Amino acid sequence: EIIKLRRGATPIDFAFQIHTKVGLRTTGAKINGRIAPISSILKNSDIVEIILGKTSKPSIDWLRFVVSAQARQKIKQYFREINRDHLIKEGEAFLGSHIAEFGLEKIDSKTQNKRITDSRLPYNNIDDALIALAERDLPKISLLKALYPNFNNSQKTKLQNYSGKTTLGSLSGIRHDYAGCCQSR
């Protein structure tokens, strides 16, 4: 059977073109009857045989040399599912730091899920959005705007330029200015 592939395709791209399960279980390849690295670039008219393993799993390194969007997506999806809990925690930490940075109130997960599904973001729930945030596929501002409808990124709670008088210990009315490093820019 003849299979069309993009220029620069590898045996991994070929395997995923056949079927996702074939791609995920690939351990090696033969090109024109000879064992070849799975990162080899295929040429026109090459005859490719995929070697499968019963317990084989993809490697994250495959993302460095696959060229087809389908193979790239399936490999990422595989690792996303395996690392789901870790990515959700990483996304929560990332979101939490931005909530604190902008001085926003934390909201419960039920409200977060409702706001995500009501937003224009392509996620079905907060966990999927947190994973995208952890993978840097979703900008933090987009997520904050979805979760906080009245959010405006000028809400930063950094110190404003301020000069005034304060009390220091038993002394009061002391004139002071914040140093340049302590003022927001």
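Structure shown above.
What this report covers is the structure whose coordinates are included nearby. (Residues numbered from 1 in each chain as written. Predicted model: local features only at pLDDT ≥ 70, side-chain atom pairs only at ≥ 80, totals over all residues. Heavy atoms only, no water.)

### A short note on the overall build of the protein
Part 1: What the protein contains, in helices and strands, is 7 helices and 5 strands.
Part 2: Moving toward the C terminus, one meets the helices and strands of the protein in the order α-α-β-β-β-α-α-α-α-α-β-β.
Part 3: Counting only residues that meet the buried cut, the protein has 32% of its 185 residues in that class.
Part 4: When the accessible surface of the protein is totalled, it reaches about 12600 Å², and 50% of it is carbon and sulfur. (Helix = DSSP H or I, 4+ residues; strand = E, 2+ residues; numbered from the N terminus. Buried < 20%, exposed > 50% of the residue type's maximum accessible area, 1.4 Å probe, protein only. Areas by Shrake-Rupley, 256 points an atom, 1.4 Å probe, with all protein chains shown as cover.)

### Examining unusual backbone geometry
Part 1: One non-glycine residue, Ser 45, lies in positive phi territory at about 70°.
Part 2: Secondary-structure assignment places Ser 45 in the loop between strand S2 (34-36) and strand S3 (48-52).
Part 3: The phi dihedral of Arg 136 is positive, around 65°, even though this residue is not glycine.

### With respect to the pairing of strand S1 (residues 26-31)
A regular strand places its side chains so that they alternate between the two faces of the sheet.
Part 1: As defined by bridge partners, S1 adjoins S3 across 5 bridges and the pair is classed as antiparallel. For Gly 28, the partnering residue across the bridge sits in S3 and is Ile 51.
Part 2: In textbook terms, the turn of a hairpin is the stretch between consecutive antiparallel strands, and for S1 and S2 this stretch comprises 2 residues, one of which, Asn 32, has a positive phi near 55°. (Pairing = 2+ DSSP bridges.)

### A closer look at the nonpolar core
Part 1: One finds Leu 95, Ile 116, Leu 143 and Leu 144 to be the most contacted residues of the largest nonpolar core, which totals 23 residues.
Part 2: Sorting the residues of this core by element identifies helix H4 (84-101), helix H6 (126-134) and helix H7 (140-147) as the ones contributing at least two each.
Part 3: By residue number, the principal contributor to this core is H6, which donates 7 residues.
Part 4: Those residues in contact with Leu 144 that sit more than four places away from it in its chain are Leu 95, His 98, Ile 99, Phe 102, Leu 104 and Phe 151.
Part 5: Within the second largest apolar cluster, 19 residues are counted, among which are Ala 36, Ile 50, Ala 71 and Ile 75. (Core = buried A, V, L, I, M, F, W, Y, C linked by side-chain atoms within 4.5 Å. Contact = heavy atoms within 4.5 Å.)

### Some details on the sheet that holds S1
Part 1: Judged by pairing direction, the sheet is antiparallel, and its 3 strands sit side by side in the order S2-S1-S3 without closing on themselves. Of all strands in the sheet, those with a lone pairing partner are S2 and S3, marking the two edges. Put simply, the sheet's adjacent strands are angled 35° from each other on average, direction ignored.
Part 2: Both S1 and S2 contribute to a ladder of 3 bridges, which runs antiparallel. (Axes fitted to C-alpha atoms, helices over the stretch in contact; angles between N-to-C directions.)

### Quick notes on the environment of Lys 140
Part 1: Counting through the fold element by element, Lys 140 comes out in helix H7.
Part 2: A residue is classified by how much of its surface remains accessible, and Lys 140, at 30% relative accessible area, is partly exposed.
Part 3: For the pair Lys 140 and Gly 91, spaced 49 residues apart in sequence, the C-alpha separation works out to 9.9 Å.
Part 4: Those residues in contact with Lys 140 that sit more than four places away from it in its chain are His 98, Glu 101 and Leu 133.

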